[in-house]
Amino acid sequence: DAKTTQPTSMDCAEGRAANLPCNHSTISGNEYVYWYRQIHSQGPQYIIHGLKNNETNEMASLIITEDRKSSTLILPHATLRDTAVYYCIVRVAGSQGNLIFGKGTKLSVKP
Amino acid sequence: TAGITQAPTSQILAAGRSMTLRCTQDMRHNAMYWYRQDLGLGLRLIHYSNTAGTTGKGEVPDGYSVSRANTDDFPLTLASAVPSQTSVYFCASSDQLSVTFFGQGTRLTVV
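Residues numbered from 1 in each chain as written. Chains lettered and ligands numbered in written order. Predicted model: local features only at pLDDT ≥ 70, side-chain atom pairs only at ≥ 80, totals over all residues. Heavy atoms only, no water.

A. The arrangement of the pairing of strand 11 (residues 106–110) of chain B in detail. All names here are of chain B. Going residue by residue along strand 11, you find T106, L108 and V110 tucked away on one face and R107 and T109 left uncovered on the opposite face. The sheet contact formed by strand 9 (residues 87–94) and strand 11 spans 3 bridges and is antiparallel. From the neighbouring strand, Y89 faces strand 11, where its bridge partner is T106. (Buried < 20%, exposed > 50% of the residue type's maximum accessible area, 1.4 Å probe, protein only. Helix = DSSP H or I, 4+ residues; strand = E, 2+ residues; numbered from the N terminus. Pairing = 2+ DSSP bridges.)

Set out below in C-alpha coordinates:
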(Lines give C-alpha, C1' and ligand atoms only; values in the text may rest on other atoms or scores of the structure.)
Protein backbone atom coordinates (compact mmCIF):
# COMPACT_ATOMS: atom_id res chain seq x y z
CA ASP A 1 0.00 0.00 0.00
CA ALA A 2 1.23 3.50 -0.84
CA LYS A 3 2.37 5.72 2.00
CA THR A 4 0.25 8.74 2.95
CA THR A 5 1.13 12.00 4.67
CA GLN A 6 -1.40 14.07 6.63
CA PRO A 7 -1.09 17.08 8.91
CA THR A 8 -1.06 16.17 12.58
CA SER A 9 -3.91 18.48 13.54
CA MET A 10 -6.34 21.05 12.20
CA ASP A 11 -8.98 23.36 13.62
CA CYS A 12 -12.26 24.32 12.00
CA ALA A 13 -15.05 26.66 13.05
CA GLU A 14 -18.45 25.08 13.50
CA GLY A 15 -20.59 25.49 10.39
CA ARG A 16 -17.63 26.09 8.12
CA ALA A 17 -16.18 23.63 5.63
CA ALA A 18 -13.37 21.42 6.89
CA ASN A 19 -10.79 20.60 4.23
CA LEU A 20 -8.45 17.77 5.21
CA PRO A 21 -5.49 17.19 2.88
CA CYS A 22 -3.62 13.97 2.18
CA ASN A 23 -0.50 13.41 0.12
CA HIS A 24 0.01 10.05 -1.57
CA SER A 25 2.67 10.77 -4.17
CA THR A 26 3.62 7.10 -4.64
CA ILE A 27 0.07 5.93 -5.36
CA SER A 28 -0.15 3.35 -8.13
CA GLY A 29 -2.74 3.21 -10.87
CA ASN A 30 -5.00 0.61 -9.27
CA GLU A 31 -4.94 1.99 -5.74
CA TYR A 32 -7.97 3.73 -4.27
CA VAL A 33 -8.00 6.48 -1.66
CA TYR A 34 -10.07 5.66 1.43
CA TRP A 35 -11.02 7.96 4.29
CA TYR A 36 -12.00 6.85 7.77
CA ARG A 37 -12.46 8.69 11.02
CA GLN A 38 -12.40 7.73 14.66
CA ILE A 39 -14.43 9.71 17.13
CA HIS A 40 -13.14 9.42 20.68
CA SER A 41 -13.88 6.02 22.28
CA GLN A 42 -15.70 4.73 19.20
CA GLY A 43 -14.74 2.31 16.45
CA PRO A 44 -13.31 3.73 13.23
CA GLN A 45 -15.97 4.76 10.72
CA TYR A 46 -15.75 4.55 6.94
CA ILE A 47 -16.41 7.89 5.23
CA ILE A 48 -15.73 7.68 1.51
CA HIS A 49 -13.38 6.31 -1.11
CA GLY A 50 -12.45 7.02 -4.71
CA LEU A 51 -10.09 6.12 -7.54
CA LYS A 52 -9.69 9.24 -9.69
CA ASN A 53 -13.02 10.97 -10.00
CA ASN A 54 -14.35 13.23 -7.30
CA GLU A 55 -16.86 11.51 -5.06
CA THR A 56 -19.64 12.77 -2.82
CA ASN A 57 -21.90 11.04 -0.34
CA GLU A 58 -24.06 12.09 2.56
CA MET A 59 -21.06 12.51 4.82
CA ALA A 60 -18.40 14.20 2.73
CA SER A 61 -16.81 14.95 -0.61
CA LEU A 62 -13.51 13.59 -1.85
CA ILE A 63 -11.46 15.62 -4.30
CA ILE A 64 -8.57 13.79 -5.97
CA THR A 65 -6.04 15.75 -8.01
CA GLU A 66 -5.63 14.88 -11.67
CA ASP A 67 -2.21 13.32 -11.07
CA ARG A 68 -3.70 11.44 -8.10
CA LYS A 69 -0.78 12.37 -5.88
CA SER A 70 -2.97 14.12 -3.35
CA SER A 71 -6.56 14.37 -2.22
CA THR A 72 -8.78 16.45 0.03
CA LEU A 73 -11.65 15.31 2.19
CA ILE A 74 -14.28 18.01 2.55
CA LEU A 75 -16.84 18.13 5.34
CA PRO A 76 -19.10 20.89 3.95
CA HIS A 77 -20.63 22.12 7.23
CA ALA A 78 -18.58 20.86 10.13
CA THR A 79 -20.32 20.27 13.46
CA LEU A 80 -18.91 19.66 16.91
CA ARG A 81 -19.65 15.95 16.41
CA ASP A 82 -17.18 15.89 13.51
CA THR A 83 -14.31 16.33 15.97
CA ALA A 84 -12.28 13.16 15.39
CA VAL A 85 -9.07 11.73 14.01
CA TYR A 86 -9.31 11.39 10.23
CA TYR A 87 -7.29 8.75 8.39
CA CYS A 88 -6.37 8.69 4.71
CA ILE A 89 -5.46 5.21 3.46
CA VAL A 90 -4.39 4.09 0.01
CA ARG A 91 -4.78 0.52 -1.16
CA VAL A 92 -5.88 -1.70 -4.01
CA ALA A 93 -9.63 -2.30 -3.84
CA GLY A 94 -10.43 -5.91 -3.11
CA SER A 95 -6.94 -6.73 -1.96
CA GLN A 96 -6.57 -9.02 0.99
CA GLY A 97 -5.10 -7.79 4.18
CA ASN A 98 -5.93 -5.33 6.87
CA LEU A 99 -6.02 -1.57 6.76
CA ILE A 100 -2.89 0.09 8.04
CA PHE A 101 -3.77 3.24 9.92
CA GLY A 102 -1.19 5.98 10.18
CA LYS A 103 -1.40 8.78 12.72
CA GLY A 104 -4.13 10.67 10.86
CA THR A 105 -5.26 14.27 11.33
CA LYS A 106 -6.85 15.33 14.59
CA LEU A 107 -9.68 17.67 13.53
CA SER A 108 -11.05 19.91 16.25
CA VAL A 109 -14.31 21.67 15.40
CA LYS A 110 -14.74 24.71 17.61
CA PRO A 111 -17.91 26.68 18.41
CA THR B 1 -28.72 -3.56 9.61
CA ALA B 2 -26.64 -4.12 12.72
CA GLY B 3 -23.30 -4.36 10.90
CA ILE B 4 -20.67 -5.51 13.38
CA THR B 5 -21.77 -6.48 16.87
CA GLN B 6 -19.24 -6.95 19.65
CA ALA B 7 -19.85 -8.32 23.14
CA PRO B 8 -19.30 -7.54 25.89
CA THR B 9 -18.99 -3.76 25.74
CA SER B 10 -16.60 -3.80 28.65
CA GLN B 11 -15.13 -6.31 31.05
CA ILE B 12 -12.85 -6.45 34.06
CA LEU B 13 -10.94 -9.71 34.10
CA ALA B 14 -8.63 -11.22 36.69
CA ALA B 15 -5.15 -12.05 35.48
CA GLY B 16 -4.81 -15.70 34.59
CA ARG B 17 -8.45 -16.10 33.65
CA SER B 18 -9.62 -16.87 30.13
CA MET B 19 -12.12 -14.89 28.14
CA THR B 20 -13.70 -14.87 24.70
CA LEU B 21 -14.61 -11.63 22.99
CA ARG B 22 -17.49 -12.15 20.62
CA CYS B 23 -17.89 -10.59 17.19
CA THR B 24 -20.73 -11.12 14.73
CA GLN B 25 -21.38 -9.47 11.38
CA ASP B 26 -24.52 -9.58 9.27
CA MET B 27 -23.04 -8.27 6.02
CA ARG B 28 -21.76 -11.63 4.69
CA HIS B 29 -18.23 -10.25 4.39
CA ASN B 30 -15.50 -12.78 3.80
CA ALA B 31 -12.71 -10.91 5.57
CA MET B 32 -12.73 -10.21 9.30
CA TYR B 33 -10.16 -8.71 11.66
CA TRP B 34 -9.35 -8.15 15.31
CA TYR B 35 -7.44 -5.03 16.34
CA ARG B 36 -6.36 -3.65 19.67
CA GLN B 37 -5.94 0.02 20.42
CA ASP B 38 -3.95 1.30 23.36
CA LEU B 39 -3.96 4.83 24.72
CA GLY B 40 -2.02 7.12 22.42
CA LEU B 41 -1.29 4.36 19.95
CA GLY B 42 -2.85 3.39 16.69
CA LEU B 43 -4.76 0.26 15.79
CA ARG B 44 -2.68 -2.90 15.76
CA LEU B 45 -3.83 -6.07 14.05
CA ILE B 46 -4.04 -9.17 16.23
CA HIS B 47 -5.50 -11.82 13.92
CA TYR B 48 -7.43 -11.88 10.70
CA SER B 49 -9.48 -14.24 8.57
CA ASN B 50 -9.82 -13.90 4.80
CA THR B 51 -12.66 -16.41 4.62
CA ALA B 52 -14.51 -18.91 6.79
CA GLY B 53 -12.23 -21.75 7.81
CA THR B 54 -8.99 -19.77 7.55
CA THR B 55 -7.17 -17.49 9.98
CA GLY B 56 -3.86 -15.67 10.06
CA LYS B 57 -1.61 -13.85 12.50
CA GLY B 58 -1.33 -10.12 12.54
CA GLU B 59 1.18 -7.78 14.13
CA VAL B 60 0.54 -8.72 17.79
CA PRO B 61 -0.90 -12.27 17.94
CA ASP B 62 0.81 -13.60 21.08
CA GLY B 63 -1.61 -14.52 23.86
CA TYR B 64 -4.62 -14.53 21.55
CA SER B 65 -6.36 -17.14 19.41
CA VAL B 66 -9.23 -16.94 16.94
CA SER B 67 -11.51 -19.28 15.05
CA ARG B 68 -13.73 -18.80 12.00
CA ALA B 69 -16.23 -21.63 11.90
CA ASN B 70 -18.66 -19.67 9.72
CA THR B 71 -18.87 -16.40 7.81
CA ASP B 72 -20.66 -14.40 10.49
CA ASP B 73 -18.70 -15.09 13.69
CA PHE B 74 -15.08 -14.37 14.58
CA PRO B 75 -14.43 -14.83 18.32
CA LEU B 76 -11.17 -13.78 19.96
CA THR B 77 -9.95 -15.80 22.95
CA LEU B 78 -7.48 -14.87 25.63
CA ALA B 79 -6.38 -18.15 27.17
CA SER B 80 -4.68 -16.70 30.25
CA ALA B 81 -5.07 -12.93 30.51
CA VAL B 82 -2.20 -10.67 31.55
CA PRO B 83 -2.33 -6.96 32.49
CA SER B 84 -0.61 -5.97 29.23
CA GLN B 85 -3.71 -7.16 27.42
CA THR B 86 -5.67 -4.30 28.94
CA SER B 87 -6.87 -2.48 25.85
CA VAL B 88 -9.81 -1.61 23.65
CA TYR B 89 -10.50 -4.36 21.14
CA PHE B 90 -12.16 -3.71 17.79
CA CYS B 91 -13.56 -6.29 15.44
CA ALA B 92 -13.96 -5.41 11.76
CA SER B 93 -15.02 -6.87 8.44
CA SER B 94 -14.42 -5.73 4.88
CA ASP B 95 -16.28 -6.07 1.59
CA GLN B 96 -15.01 -6.81 -1.92
CA LEU B 97 -13.96 -3.18 -2.39
CA SER B 98 -11.96 -3.25 0.85
CA VAL B 99 -14.37 -0.92 2.61
CA THR B 100 -13.95 -1.88 6.25
CA PHE B 101 -16.60 -1.68 8.94
CA PHE B 102 -15.78 -1.68 12.63
CA GLY B 103 -17.64 -2.64 15.76
CA GLN B 104 -17.95 -0.29 18.68
CA GLY B 105 -15.26 -2.02 20.66
CA THR B 106 -14.78 -4.04 23.84
CA ARG B 107 -12.96 -2.27 26.65
CA LEU B 108 -11.01 -4.92 28.58
CA THR B 109 -9.21 -4.33 31.86
CA VAL B 110 -7.01 -7.13 33.20
CA VAL B 111 -6.23 -6.77 36.91
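B. Just the state of the cysteines, in detail. For the structure shown, the criterion picks out 2 disulfides over all chains. One disulfide bridge connects C22(A) with C88(A), the sulfur atoms lying 2.1 Å from each other. Handedness here is read from the sign of the S-S torsion; for C22(A) and C88(A), about -80°, the answer is left-handed. Placement of the pair is C22(A) in strand 2 (residues 18–23) and C88(A) in strand 8 (residues 84–92), with a sequence separation of 66 residues. In this model, C23(B) is linked to C91(B) through a disulfide, with the two sulfur atoms separated by 1.9 Å. Between C23(B) and C91(B) the disulfide shows an S-S torsion of about -75°. By sign, it is left-handed. With a gap of 68 residues between them, C23(B) in strand 3 (residues 19–25) and C91(B) in strand 9 connect regions that are remote in the sequence. Across this residue pair, the class does not change: C23(B) and C91(B) are buried. Distance from the sulfur of C12(A), which forms no disulfide, to the nearest cysteine sulfur (C22(A)) is 18 Å. Accessibility expressed as a relative area gives 9% for C12(A), which makes it buried. (Disulfide = S-S within 2.5 Å.)

C. Spotlight on the nonpolar core. Residues and elements named next belong to chain A. If you look at the biggest cluster of nonpolar residues, it comprises 22 residues, and the most contacted ones within it are W35, L73, Y86 and L107. Put simply, the parts of the chain that give this core at least two residues each are strand 2, strand 3 (31–38), strand 4 (45–50), strand 6 (61–64), strand 7 (70–75), strand 8 and strand 9 (105–110). The greatest single-element share of this core, amounting to 4 residues, is contributed by strand 8. Ignoring sequence-local partners within four residues, the contact set of Y86 consists of Q6, L20, W35, Y36, R37, I47, L73, L75, G104, T105 and L107. (Core = buried A, V, L, I, M, F, W, Y, C linked by side-chain atoms within 4.5 Å. Contact = heavy atoms within 4.5 Å.)

D. Broad picture of the sheet that holds strand 1 (residues 9–13) of chain A. Residue and element names in this part refer to chain A. Overall, mixed pairing links the 5 strands, which are arranged 1-9-8-3-4 in an open sheet. Single-partner strands in this sheet number two, and they are strand 1 and strand 4. Averaged over neighbouring strand pairs, the angle between their axes works out to 25° when direction is ignored. In this sheet, strand 8 lies alongside strand 3 in antiparallel orientation, the contact comprising 8 bridges. Bridging from a neighbouring strand, R37 pairs with Y86 of strand 8. (Axes fitted to C-alpha atoms, helices over the stretch in contact; angles between N-to-C directions.)

E. Quick look at the interface of chain B and chain A. The partner chain A presents 19 residues to the 16 residues of chain B that form the contact. Taken together, both faces of the contact between chain B and chain A bury some 1500 Å²; the carbon and sulfur share is 53%. Our enumeration of links across chain B and chain A arrives at 0 salt bridges. Taken together, the elements giving at least two residues each to the side of chain B that touches chain A come down to strand 4 (31–37), strand 5 (43–49) and strand 10 (100–102) of chain B. Of all the elements, strand 4 of chain B adds the most residues to the side of chain B that touches chain A, at 3 residues. Across the side of chain B that touches chain A, the residue classes tally to 8 nonpolar, 7 polar and 1 charged. (Buried area = accessible area lost by both parts, 1.4 Å probe. Salt bridge = Lys/Arg side-chain N within 4 Å of Asp/Glu carboxyl O. Nonpolar A, V, L, I, M, F, W, Y, C, P; charged D, E, K, R; others polar.)

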